[in-house]
Structure formats: structure tokens, C-alpha cells
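Residue strings, one per chain:
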Amino acid sequence: MLLSGVTGGAALTAGVDVAVSISLSAEEYSQKETPTEFIVNVQNVGTEDVDVAIVDIDLSNILSQVSWSASATGGAQVTPQGSENFTSEIAIPEGSPFHQAISLPVGSSIEFNLYAAHIREEIRENFTVIANISTPGLTDVNPVNNRDFDSNLIALFNQAPGGTAFFLEGAPQLVTENYSTQNIALGDINNDGHLDAVIAYSQSISASSLDTFEHYKIDIFLNNGEGEFNSLFQSITTNEAIRGMAVGDLNGDQILDIYISGETKDSIWAHQSGEEFIEISSHTAGEHTADVVLGDLDGDGDLDAYTAAQTSSMKDLIWLNDGSGNMTPSVGGLGTFSTTPPKKDLALGDVDGDGDLDVIVSQASMPNQIWLNQGDATYLKGQTITPANSTVKTNLFRDLDNDNDLDLVIGQTTTGTNAAQSLYQ
């Protein structure tokens, strides 16, 4: 139940409801001596006064020489100081978290400014600052806003030689005239310790004013170790429409192979040591394929394939590897996902923590569907996720908040040319 509020006409939640938000003043730091500052705002958005709330921010393993000041409005107090506004900085003992008791009448707020003279020397790359607020002895009716985090802070010092954590645009490479890029995969093709590039292209060729057909090929470029792909290792041409592509060791020889999902058939191209790729097996796709991902789906130690059907009426398919690159379809419990838009993207990850690979399937303007692996490549329908007002283009599983489980980032387009990303934890 929402009631009329007192701050800016905002609606207040009936009962005890306190909220916290955090924002960083900057994102990149190239020297450990560079000071950093961030703001934590807490407010009472409920209809009951809160005499005691606790704000916790654990900075002990990230920042050093931390101090803070605060500014309060609406009768809020920073206990025990009892002051609504003060600007003198208060030091936090080195190695201790920020732990502060406050009082928040209805409609009041406190803005904490935290300053750190140093980022700890052992910190490298990005890290997350998390703020929590709690109400001891009281039940918060909306606990979802009791926690906030910011993961944008990046420490650029203590990098490996030559690394800066910045991406700089280089000269164009791998320019292939009159072709459109379909897929890109990276992997160490020739086992020299460098990531090489495998690129699938398509080309429209007009045989006449009324006859146009598509030509497809895959080029494999070797990396010279300096990020330059000047050496074309092999070019694979095909009349089969390439819908998806993935790189992995499919025949167990410790050398990367290529899985190509096509419009009517899927094929495996094995890399013979020191030689070119040759097609060692193929199987009927069963339906136009939209994407493919590789992973050990049945727990037997080799890479299997999950392919998403592009058309509306067909099921996604699971192909189980015998260890030598020969694929047979699984009879797992995958159902037809939708009846209208084509599928757009796949991602594998252990989302339920049982040690096997689950999958999320996204498609156009329809909900994303998670399928839960039962350990043997048999999948049961899991959560359905519906981003608001957008068309899904891609998704990615990563542990973004360092809590040892996978979070989900969904890349979307909204109305017009706008882009949006949704984060699910």
C-alpha cells in the first residue's frame, strides 16, 4: 500500500521502509595514491519513524585512510553526534568497516560522503563497494532497497607489464571487402599461446536482376602475439548458411576445432595438428539454427552442443559428443519455447549451483527462458525472465557482486535506437 509522502510529493510505503543508494564520484584510478570519493544516501521512505538504523559499508579490504562527513535533512540524526549537518571529517580506524547508527524520521534522509586517500596496493582491476542499511528490532516491509552496490571503480595500477585496462582503438584489421560478419570466435588455434580469430562471413551475390544468393565462408587468422592478425591460416567456404559458430576441442586431441551450425545441417571441422581443418562429421540440424554454445552438458568430460532453433515451431536441440566429435541428439526434456519470434542468443552457466551447466535462451521481444540441467543433459523448465519494453539481443552469465553465484546481464534494444542493459542477481 502506498501513501502520500512528504518529500517532493513522492509516495511512501506503509510501515517501516528505509532505503540506501551508493554512487562513485569517478571510475578509473591509475595511481594508488589517487584519492577516491563516493556518496551513500539513506532515507526513510516509509510511514513510521525509525529511531535506530545501522549503515554498514565494508571498505577494509579495498580502501585505506578513509574518513567521512554527513549532511542530514528532515530531522535525521547521525548518532551519537546528534547533528543534522556537519562538515568535519571523521576518520575510520584503519582496517575497520564503516558502521554507523542513525535515526530517520519519516521523510528524512542523510547523505554520507566517504573519502579515501589510497586504494589498497593489492587491489587490481574492478571491485565492488556495497552499502547496507538495517533496522534492528523492526521489520522492513521492502527489504529489497536495504542494499546497493557500485561496481564501476577500476584500479589501473599493479597491472601486468604493458597492461593499462583501457581499450584503445587500433588500425582496422581483417578487412574483407563485400562480406558481412556473421560470427566471431577467439581461441589458440596453433597452440602458440596467443588468441587467434575465427570469423564467419556472408556475402550476397546477384546472378541476375531476379536471382540473388548468399555465399558463406569462415576465415581463420593467426595472432602474431602483438594483437596483429596478418596471417590467414585457412579459409573454409560453404553454401550452407552459417547461423552459429563455436570453438572448442571436440575430438579430445587438445587442439581446438570448429562447430558450425547451419541452416540445414551442423558440422564439425577438426584441426589436424600442424595442418588445416577438415570436416570430420555432420548431422542434420533438424530446423534452422539461430545459435550454438559448447559445454559438457552430460558430465562425461567432453564438449556437447546446445543449438537454438531459429523458427518458431521447433524445439531447441542438444547434441551429445562421443568424445571423438560424433554427435547424437539427446532425448532431454526441452520443450518448444515460443510460437512467434526467432531466438537470438544462448548462454551456459551453473545458475542453481548443482555443478552442471544450465542454459538461458533469449528471443526477440519474448521472455528469456532458463532451462535447468538435471546433470545428464536432461533439462527442465526454470525461471522465465521478461525485461520490460525491449527486444533482447544478447545475454551473459557472470558473478558480478562476488557472492559466488552467477548473475545475468541482458543486452537489449528499446524503442527507436535506444539501448538498455538489465542486470538480474
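Reading the values: rules and limits
- Residues numbered from 1 in each chain as written.
- Predicted model: local features only at pLDDT ≥ 70, side-chain atom pairs only at ≥ 80, totals over all residues.
- Heavy atoms only, no water.
- Pairing = 2+ DSSP bridges.
- Helix = DSSP H or I, 4+ residues; strand = E, 2+ residues; numbered from the N terminus.
- Axes fitted to C-alpha atoms, helices over the stretch in contact; angles between N-to-C directions.
- pLDDT = per-residue confidence, 0-100.
- Contact = heavy atoms within 4.5 Å.
- Salt bridge = Lys/Arg side-chain N within 4 Å of Asp/Glu carboxyl O.
- Buried < 20%, exposed > 50% of the residue type's maximum accessible area, 1.4 Å probe, protein only.

Moving on, we get to the sheet that holds strand β25 (residues 327-329). Strand order in the open sheet made by the 4 strands is β22-β23-β24-β25, with antiparallel pairing throughout. Looking along the sheet, the strands with just one partner apiece sit at the ends: β22 (289-295) and β25. Strand-to-strand, the axes of this sheet are offset by a mean angle of 25 degrees, without reference to chain direction. With 6 bridges joining them, β22 and strand β23 (residues 304-309) adopt antiparallel strand pairing. Bridging across to β23, Gly295 finds its partner in Asp304.

To continue, consider the confidence of the model for the chain. Per-residue confidence for the chain averages 76 on the pLDDT scale, and 67% of its residues sit at or above 70. Mean pLDDT across the elements of the chain ranges from a minimum in strand β1 (residues 2-4), with 35, to a maximum in strand β6 (residues 50-57), with 92. In the predicted structure, residues 155-168 sits below a pLDDT of 50 and forms 29 contacts with residues beyond four places in sequence or in another chain. Long-range and interchain partners of residues 417-423, a stretch whose pLDDT sits below 50, account for 21 contacts in this model, where long-range means more than four residues apart.

Moving on to the sheet that holds strand β26 (residues 345-349). Across the sheet, which stays open at both edges, the 4 strands sit in the order β26-β27-β28-β29 with antiparallel pairing between neighbours. The two strands at the open ends of the sheet, each matched to only one other strand, are β26 and β29 (379-385). The average undirected angle you get between the axes of adjacent strands in this sheet is 20 degrees.

This part takes up the pattern of salt bridges. Tallied over the full model, the rule gives 2 salt bridges. Residue Asp219 pairs with Lys217 through a salt bridge whose shortest N-O separation is 3.1 Å. In this structure Lys217 comes out as buried when scored by relative accessible area, which is 13%. Glu279 is the partner of Lys265 in a salt bridge, and the nearest nitrogen-oxygen pair spans 3.4 Å. Note that Lys265 is positioned in strand β20 (residues 265-271) and Glu279 in strand β21 (residues 277-284), a separation of 14 residues in sequence.

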